[in-house]
There are 4 protein chains.
Amino acid sequence: MNVDEKYFKLISKRERAIFEGAITMGALFHQFIGTPISYKTVDGIEKAIKEAMELQPCINEVEIIINREMLRQIQNEFQYVSLSGDMLDIKVFSEYEGHIAVIRMKFVEELQYPLMYVEDVN
Amino acid sequence: MNVDEKYFKLISKRERAIFEGAITMGALFHQFIGTPISYKTVDGIEKAIKEAMELQPCINEVEIIINREMLRQIQNEFQYVSLSGDMLDIKVFSEYEGHIAVIRMKFVEELQYPLMYVEDVN
Amino acid sequence: MNVDEKYFKLISKRERAIFEGAITMGALFHQFIGTPISYKTVDGIEKAIKEAMELQPCINEVEIIINREMLRQIQNEFQYVSLSGDMLDIKVFSEYEGHIAVIRMKFVEELQYPLMYVEDVN
Amino acid sequence: MNVDEKYFKLISKRERAIFEGAITMGALFHQFIGTPISYKTVDGIEKAIKEAMELQPCINEVEIIINREMLRQIQNEFQYVSLSGDMLDIKVFSEYEGHIAVIRMKFVEELQYPLMYVEDVN
């Protein structure tokens, strides 16, 4: 079966790149929010999230930065926290036949919200 | 702040509708997969998932059908299972300034995969 | 197969009640943290979480209260937030052959942590 | 504050070890089920899950084995799947003041269920 012809004939190549990047961003957030995390485990979990989400269709690369400063300041006696949206800065690079979309998520202080948006697309 | 002007100026209104619908579909799947479910709880969880995901930006409506036949056939002694992708048929209706995208997810037997695609868009 | 004899012969009935309640509390937290929620959807999601977690082995009842005051104060322009540990107060009642354990989770300000503990057991 | 005296005075040291191990097992399952996974990413995600869950209170060690054979046999055209309970074999070693509990989860074919149980405790 040709998946592209059967299921994506209504949209352009550029729209397909945007579509796949957006799915991966929504998926990433809701899969990993809540994960126990600390300053000493942050490198490994970033790498695992990156590798997991790069498996999804049309995803070239995922860049994820979890805020070290927030992890350094954990003051509870258990020395870890649950991963939350205000710690995350993520770029998802999706590509479909030459069109590349860069989907970004970062916590926007002014909105008090982890905004997902299109940072670049050609 | 005008979020649309600042963060979405690179894409068209139609692309915005596709973008927001795709985020919600990815989010829905990865938030709720794994939830304990049975034939007797399916109505309530469908409604809760629908209401949760309709909160997201630009989402007009979410239709979600969890396969009753699969729930009826649960044979383990615990009488419930974890929600999985092959039980789901979902439509997300997203709208941005007159453009409506219908994002669909269903399990495609031929692909052995819960495919997310664009079913309709204007 | 007799599951109890084969897999739980090392522990007492009371310990079994504690064990099953603890599993359900850990499961509940990590399944539903991150769910989009607002003041208008809170009743439905509480009910769905309760019904889902009451499916698990030995669980008699789950009481879940999501903090309405925090939902009322949402100030971002999207009018919803992701469910987080500081909003939750949960009791899981688990029973095994006459022994009832009450497992509680609440956010303890002094600890800055959503603590899970044993509130009662006989 | 002395958390142990205030919140755990009703249970024995042995029960505490069982309690904390059970919470972590329930948490692990519901946090990571649904994660995209393939044969090439399995080592990294196993390590990240292990490190995340070892952060939780009283957890000495987590051993997690994701079934390579099942990953090798993925036949869909996307070359990855969502992590599911039938792929997992997990041991959580929890300790409280000299008492060690080994909580195990594995998929029991006869039950068609990923059973969590107490494999050892002293």
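Numbering of residues begins from 1 in every chain and follows the order in which that chain's sequence is written. Each chain takes a letter, starting from A, and each ligand takes a number, starting from 1, following the order in which they are written. Local features in this predicted model are restricted to residues of pLDDT 70 or higher, and side-chain atom pairs are both shown and tallied only at a pLDDT of 80 or more, whereas totals for entire chains, interfaces and linings draw on every residue. Values shown for side chains rest on all heavy atoms present in the structure; no hydrogens or waters enter the calculation.

Colleague: Where do I start with the overall build of chain A in this structure?
Modeller: Numbering goes from the N terminus for both helices and strands, where a helix is a DSSP run of H or I of at least four residues and a strand is a run of E of at least two. Counting its secondary structure elements, chain A contains 4 helices and 6 strands. The secondary structure elements of chain A, listed N-terminal to C-terminal, are α-α-β-α-β-α-β-β-β-β. Taking the principal axes of its C-alpha atoms as reference, chain A extends roughly 55 × 35 × 20 Å. A 1.4 Å probe rolled over the protein chains alone gives each residue an accessible area, and that area as a share of the maximum for its type sets the label: buried under 20%, exposed over 50%, partly exposed in between. Each of the 122 residues in chain A was classed as buried or not, and the buried ones make up 59%. When the accessible surface of chain A is totalled, it reaches about 4,900 Å², and 46% of it is carbon and sulfur. Charge convention: Lys and Arg are scored as positive, Asp and Glu as negative, and His as well as the terminal groups of each chain are ignored. For charged residues, the charge sits on one atom: NZ in Lys, CZ in Arg, CG in Asp, CD in Glu. In chain A, which carries 13 positive and 20 negative side-chain charges, the distance between the mean positions of the two groups comes to 3 Å. The protein chains shown are the only cover counted for residues, whose accessible areas, like all others here, come from Shrake-Rupley with a 1.4 Å probe.

Colleague: Sorry, what's going on with the packing of helix H2 (residues 13-32) of chain C against helix H2 (residues 13-32) of chain D here?
Modeller: Contact geometry for H2 of chain C and H2 of chain D: axes closest at 7 Å, N-to-C directions at 35°. Between H2 of chain C and H2 of chain D lies a crossing of right-handed hand. Residues Arg14, Glu15, Ile18, Phe19, Ala22, Ile23, Gly26, Ala27, His30 and Gln31 of chain C of H2 of chain C form the contact with H2 of chain D, whose own contacting residues are Arg14, Glu15, Ile18, Phe19, Ala22, Ile23, Gly26, Ala27, His30 and Gln31 of chain D. Amino acid classes used here: Ala, Val, Leu, Ile, Met, Phe, Trp, Tyr, Cys and Pro are nonpolar; Asp, Glu, Lys and Arg are charged; the rest, including Gly, are polar. Across the contact of H2 of chain C with H2 of chain D, the residue classes tally to 10 nonpolar, 6 polar and 4 charged. Here an angle of 0 to 180 degrees is reported between the N-to-C directions of two axes, which are lines fitted to C-alpha atoms, with helices fitted over the stretch in contact. Crossing handedness follows the turn of the near helix against the far one: under a right angle anticlockwise gives a left-handed crossing, and clockwise gives a right-handed one. Here a residue-residue contact requires only that any non-hydrogen atoms of the pair lie within 4.5 Å.

Colleague: Where do I start with the sheet that holds strand E6 (residues 113-121) of chain C in this structure?
Modeller: All names here are of chain C. When DSSP finds two or more bridges between a pair of strands, those strands are recorded as paired. The 4 strands lie next to each other as E2-E4-E5-E6, forming an open sheet whose pairing is antiparallel. Each edge of the sheet is formed by a strand with only one pairing partner; in this case those strands are strand E2 (59-66) and E6. On average, each strand axis in the sheet is tilted by 15° relative to the strand beside it, whichever way the strands run. Here E2 runs beside strand E4 (residues 88-96); their pairing, made up of 7 bridges, is antiparallel. Across the sheet, the residue bridging to isoleucine 59 is serine 94, located in E4.

Colleague: How do you make sense of the relation of the copies chain B and chain D when you look at a structure like this?
Modeller: Each of the two chain copies can be brought onto the other by rotation about an axis and movement along it. Alignment of the copies relies on least squares applied to C-alpha atoms, considering only residues that score at least 70 for pLDDT in both. When chain B is fitted to chain D, the residual RMSD is 0.0 Å, and the transformation amounts to a turn of 180° plus an axial shift of 0.0 Å. The superposition of one copy onto the other is thereby described by a two-fold rotation axis. By residue overlap, the copies meet face to face through one surface: 100% of the interface positions of chain B are interface positions in chain D.

Colleague: Please explain the side chain of glutamine 56 of chain C as it appears in this structure.
Modeller: One can find glutamine 56 of chain C in the loop between helix H3 (42-53) and E2. Under the relative-accessibility criterion, glutamine 56 of chain C is labelled buried at 7%. In the analysis that follows, any N or O atom pair within 3.5 Å is treated as a polar contact, provided that within protein one partner can donate a hydrogen and the other can accept it, and provided that, for residues neighboring in sequence, both atoms belong to side chains. Separated by 3.1 Å, the side chains of glutamine 56 of chain C and threonine 24 of chain C make a polar contact. Not counting chain neighbours up to four residues away, the residues in contact with glutamine 56 of chain C comprise Pro36 and Tyr80 of chain B, Ile23, Thr24 and Ala27 of chain C together with His30 of chain D.

Colleague: Sorry, what's going on with the sheet that holds strand E2 (residues 59-66) of chain D here?
Modeller: Residue and element names in this part refer to chain D. Taking strand neighbours across the sheet as the criterion, the 4 strands line up as E2-E4-E5-E6 in an open arrangement whose pairing is antiparallel. Strand pairing shows two members of the sheet lacking a second neighbour, E2 and strand E6 (113-121), which therefore form its edges. Across this sheet, the average inter-strand angle for adjacent strands is 15°, counted without regard to direction. Direction of pairing for strand E4 (residues 88-96) relative to strand E5 (residues 99-108): antiparallel, over a ladder of 8 bridges. Directly across from lysine 91, in E5, lies its bridge partner arginine 104.

Colleague: What should I look at first to understand the packing of helix H3 (residues 42-53) of chain A against helix H3 (residues 42-53) of chain D in this one?
Modeller: The relative placement of two packed helices is expressed as an angle between their axes plus a distance between the axes. Remark: H3 of chain A packs on H3 of chain D, axes separated minimally by 9 Å, with the N-to-C direction vectors making an angle of 140°. Relative to H3 of chain D, the element H3 of chain A is oriented oblique. The two elements H3 of chain A and H3 of chain D meet at a crossing, and its hand is left-handed. The segment H3 of chain A lies against H3 of chain D, with Gly44, Ile45, Ala48 and Glu51 of chain A engaging Gly44, Ile45, Ala48 and Glu51 of chain D. Here the residues of the contact of H3 of chain A with H3 of chain D are counted per class, giving 4 nonpolar, 2 polar and 2 charged. Angles are sorted into four bins: roughly parallel if under 35 degrees, roughly antiparallel if over 145, roughly perpendicular if 65 to 115, and oblique for all others.

Colleague: Explain the interface of chain A and chain B to me, please; I cannot follow it from the model alone.
Modeller: Taken together, the contacts link 30 residues of chain A with 30 residues of chain B. The term buried area denotes the loss of accessible surface (1.4 Å probe radius) that occurs when two parts are joined, taken as the sum for both partners. Of the roughly 2,900 Å² buried between chain A and chain B on both sides combined, carbon and sulfur atoms contribute 68%. Criterion for a salt bridge: a side-chain nitrogen of Lys or Arg within 4 Å of a carboxyl oxygen of Asp or Glu. The tally of links between chain A and chain B comes to 2 salt bridges. One salt bridge connects glutamate 15 of chain A with arginine 14 of chain B, and the closest N-O pair in it is separated by 2.6 Å. At the surface where chain A touches chain B, the tally comes to 6 residue pairs in polar contact (both at pLDDT 80 or more). Those elements that place two or more of their residues in the side of chain A that touches chain B are helix H1 (3-7), helix H2 (13-32), strand E5 (99-108) and strand E6 (113-121) of chain A.

Colleague: Looking at this structure, I do not really get the nonpolar core. What am I missing?
Modeller: Nonpolar side chains tend to gather and get buried jointly when the protein is soluble and globular. Note on terminology: a nonpolar core comprises buried Ala, Val, Leu, Ile, Met, Phe, Trp, Tyr and Cys residues joined through side-chain atoms within 4.5 Å. Judged by nonpolar contacts, the single largest core of 193 residues is most densely connected at Ile66 of chain A, Ile66 of chain B, Ile66 of chain C together with Ile66 of chain D. In this view, isoleucine 66 of chain A contacts Ile37, Val42, Ile45, Glu46, Leu71, Leu83, Met87 and Leu88 of chain A; residues no more than four positions away in its chain are not counted.

Colleague: I tried to follow the interface of chain B and chain D on my own but got confused; where do I start?
Modeller: Reports often express the size of an interface as the amount of accessible area lost when the parts come together. On the chain D side, the residues contacting the 14 residues of chain B number 14 residues. Surface buried jointly by chain B and chain D totals about 1,100 Å² across both partners, of which 63% is contributed by carbon and sulfur atoms. The interface formed by chain B and chain D holds 0 salt bridges in total. Those elements that place two or more of their residues in the side of chain B that touches chain D are helix H2 (13-32) and strand E6 (113-121) of chain B. Within the side of chain B that touches chain D, the residues separate by chemical class into 8 nonpolar, 5 polar and 1 charged.

Colleague: Which parts of the structure should I look at to understand the confidence of the model for chain A?
Modeller: Detailed reading of predicted coordinates is not advised where the pLDDT is low. Known as pLDDT, the predictor's per-residue confidence is scaled from 0 to 100. Averaged over chain A, the pLDDT score is 96; the fraction of residues at 70 or greater is 100%. The ipTM value of the predicted complex is 0.96, and its pTM value is 0.97.

Colleague: Help me out: how do you make sense of the pattern of salt bridges in this one?
Modeller: Pairing between side chains of opposite charge can happen when their charged atoms approach one another. Residue and element names in this part refer to chain A. The tally for this structure, following the rule as stated, stands at 52 salt bridges over all chains. Here arginine 68 makes a salt bridge to glutamate 46, at a shortest N to O gap of 2.3 Å. Taken as a pair, arginine 68 in helix H4 (residues 68-72) and glutamate 46 in helix H3 lie far apart in primary sequence, 22 residues in all. The class of arginine 68 is partly exposed, set by a relative accessible area of 21%. The class for glutamate 46 is buried, based on a relative accessible area of 12%.

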